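Structural overview
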Amino acid sequence: MGKLADNKEKKERSLLDSAYELFLNKGFENTVVSDIVMKAGVAKGTFYLYFKDKHQIRDVLIARTAEKFFLEALHALDQKMVKDFSDQLIFIVDYIIDIMKNNPLLLRFVAKNLSWGIYQKAINHSNTGDKTAYSLFLELVNSHKELKIEALDTMLFLIIELASSTSYRTILDNDPMTYEELKPYLNRSIRAIVKLHTIS
């Protein structure tokens, strides 16, 4: 039974790794299920034991990638002396966007396809341990006893949508300006979103 579970996990991992590489290099639209199974070295029927279609495997990959970056950013924040909540959120956004800036293919794949629904899957489900990215984020919020945040998920939604859409356009196309030029405005906008959701 242990071998069977291990074999299933290996096949799923092979499909995910193959799809990830193909989506990055060929693009999502130019990749078909046949490409993924050929690269993974499994039968086409095997793919459908794990995923409904290529959209579902993309969503799983986006969720896991988003979770990984979010967790990395939170762990990096632990090493810094950043006390203000808005500054902490800006640090997390900057950290993740810096990863994207250094890998335009990854940016094109993640930022273009990241939606609130997919991100919710990432922040609520962890593949890396007992604590999810979302539970760690809640710990960060709760560490600020003086803060009373109204509609926390709405605040997160606004920040994620703003950061992913603006970073995608500015980093890849320098439109309407470079990311470095846009960054102060993005940071101010994040502060404004936090302020809007903070109860006095």
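For the structure itself, look to the data block above.
Residues numbered from 1 in each chain as written. Predicted model: local features only at pLDDT ≥ 70, side-chain atom pairs only at ≥ 80, totals over all residues. Heavy atoms only, no water.

A word on the overall build of the protein
- Across its full length, the protein holds 10 helices and 0 strands.
- Listing each helix as α and each strand as β along the protein from the N terminus yields α-α-α-α-α-α-α-α-α-α.
- Residue burial in the protein is summarised as follows: out of 200 residues, 45% are buried.
- Considering only intrachain contacts with a sequence separation of at least 6, the fraction spanning at least 24 residues in the protein is 67%.
- Here the protein displays about 11300 Å² of accessible surface, and carbon together with sulfur accounts for 54% of that area. (Helix = DSSP H or I, 4+ residues; strand = E, 2+ residues; numbered from the N terminus. Buried < 20%, exposed > 50% of the residue type's maximum accessible area, 1.4 Å probe, protein only. Contact = heavy atoms within 4.5 Å. Areas by Shrake-Rupley, 256 points an atom, 1.4 Å probe, with all protein chains shown as cover.)

Considerations on the environment of aspartate 87
- Along the chain, aspartate 87 turns up in helix H5 (residues 85-101).
- Assessed through its relative accessible area of 30%, aspartate 87 is described here as partly exposed.
- Between the alpha carbons of aspartate 87 and isoleucine 190 there is a distance of 9.3 Å; along the sequence they are 103 residues apart.
- Residues contacting aspartate 87, with those up to four places away along its chain left out, are Val82 and Arg191.

Some points on the packing of helix H4 (residues 54-78) against H5
- Following both chains from N to C, one finds H4 and H5 inclined at 125°, their axes separated by 9 Å at the closest point. As far as their axial angle goes, H5 and H4 are oblique. Pair H4 / H5 crosses with right-handed handedness. Counted together, Phe69, Phe70, Glu72, Ala73, Leu74, Ala76 and Leu77 of H4 and Gln88, Phe91, Ile92, Tyr95, Ile96, Ile99 and Met100 of H5 form the full contact between these two elements.
- Of the residues contributing to the contact of H4 with H5, the split by class is 12 nonpolar, 1 polar and 1 charged. (Axes fitted to C-alpha atoms, helices over the stretch in contact; angles between N-to-C directions. Parallel < 35°, antiparallel > 145°, perpendicular 65-115°, else oblique. Left-handed = near helix turned anticlockwise from the far one by under 90°. Nonpolar A, V, L, I, M, F, W, Y, C, P; charged D, E, K, R; others polar.)

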